[in-house]
Amino acid sequence: MMPRPVELVLAVLVAILGGALLVLWPIQAPPPAPDAPVMDEDPLMEPEPEPEPEPEPEPEPEPEGPLLDDGLDPVAFLPPGDLAPDSGVGQALQINYAPQMRFPLEAGQAYANSQVYGHGGYLGPGGGQCDAENYSYAWRDNFCETRGYATPLCPAGTGHQGQDIRPASCEDARHWAVAAGDGVITSVGSYSVRLMSPEGVRYTYLHLDRDSLLIAPGDEVVRGQRLGLVSNEFGGNATTIHLHFEIRMAVETGQGLQNTHVPPYLALVESYQRLLTEPESEHG
């Protein structure tokens, strides 16, 4: 058993030590309230978003080149009604009267211009029919050029009734004329072939070589079918090598509804463009 004085000394030491611990021991802070935001001592700043890159400009489409014919020559067309100088007054206000028509020559190389007022024509500037100017662009309307045929849609009331078209080369009986649409051959004359469509549109072909004709009156033909070769036949006389092409239908002429010749120029222009740009199956 420990002596009494020692016990007292120990008790005093324990008391002193306990007080020192109470003074020096850190007091733990209470936890934050559940809804109180917890702040970091050194919060990090959020980085600014990087700017979105500007979209690259789309490349501009390359300009399309000129329309080329089968001979790789650039094609050009004068406006409707623009006739050869001193050949009459044209009809400038035209529409396409046969928008679904197939071009009446098989090949995609042809030259629409006047055979009377061109080189080799009896009212032309001289030279022969095979002059290079006759076989070059631009195309030229000659529906209303001065002739004596009744043509109500021309300013003079008379005109040519159709359009002259030279084939790819100045060669007789070499280039095929073809059906502008489905229909029936209604007549074959000494230098003419007439084709009637189911819609009542009549297409006329003049100056085909008779010995080359592949059709007869009453034959049904389909769009693009060969009819005959372009020639210079003119009822026993010779003209220049060309196709004279006409479209006739019932239209309002300003003097009532008439079955008459209509300007074929725009129908020829647009069908020629299709011939040069669309697959064969699409234009016939």
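Everything here concerns the structure above.
We now turn to the structure provided with this report. (Residues numbered from 1 in each chain as written. Predicted model: local features only at pLDDT ≥ 70, side-chain atom pairs only at ≥ 80, totals over all residues. Heavy atoms only, no water.)

### Let's talk about the overall build of the chain
Working step 1: Scanning the chain from N- to C-terminus turns up three helices and 14 strands.
Working step 2: Evaluated residue by residue, the chain yields a buried proportion of 39% over its 284 residues.
Working step 3: Looking at the chain alone, contacts between residues at least 24 apart form 65% of all its contacts between residues at least 6 apart.
Working step 4: About 17,100 Å² of surface is accessible on the chain, with carbon and sulfur atoms providing 57% of the total. (Helix = DSSP H or I, 4+ residues; strand = E, 2+ residues; numbered from the N terminus. Buried < 20%, exposed > 50% of the residue type's maximum accessible area, 1.4 Å probe, protein only. Contact = heavy atoms within 4.5 Å. Areas by Shrake-Rupley, 256 points an atom, 1.4 Å probe, with all protein chains shown as cover.)

### Observations regarding the pattern of salt bridges
Pairs can form between side chains of opposite charge once their charged atoms are near each other.
Working step 1: Across all of its chains, the model carries four salt bridges by this definition.
Working step 2: The closest approach of N and O atoms between arginine 147 and glutamate 145, which form a salt bridge, is 2.6 Å. For the pair formed by arginine 147 and glutamate 145, the shared burial category is buried.
Working step 3: With a closest N to O distance of 2.7 Å, arginine 174 and glutamate 171 form a salt bridge.
Working step 4: Judged by relative accessible area, which is 32%, glutamate 171 ranks as partly exposed. (Salt bridge = Lys/Arg side-chain N within 4 Å of Asp/Glu carboxyl O.)

### Quick look at the nonpolar core
Working step 1: Core analysis: the biggest nonpolar cluster contains 43 residues, and Tyr203, Tyr205, Phe245 and Ile247 have the highest contact counts within it.
Working step 2: Those elements that place two or more of their residues in this core are β1 (111-112), β7 (192-196), β8 (202-206), β13 (243-252) and α2 (265-277).
Working step 3: Here the element with the most residues in this core is α2; it accounts for eight residues.
Working step 4: Among residues more than four places away in sequence, those in contact with tyrosine 203 are Ala98, Met101, Ala180, Val193, Arg194, Leu195, Ser197, Phe245, Glu246 and Ile247. (Core = buried A, V, L, I, M, F, W, Y, C linked by side-chain atoms within 4.5 Å.)

So yeah, pure geometry; function would need other evidence.
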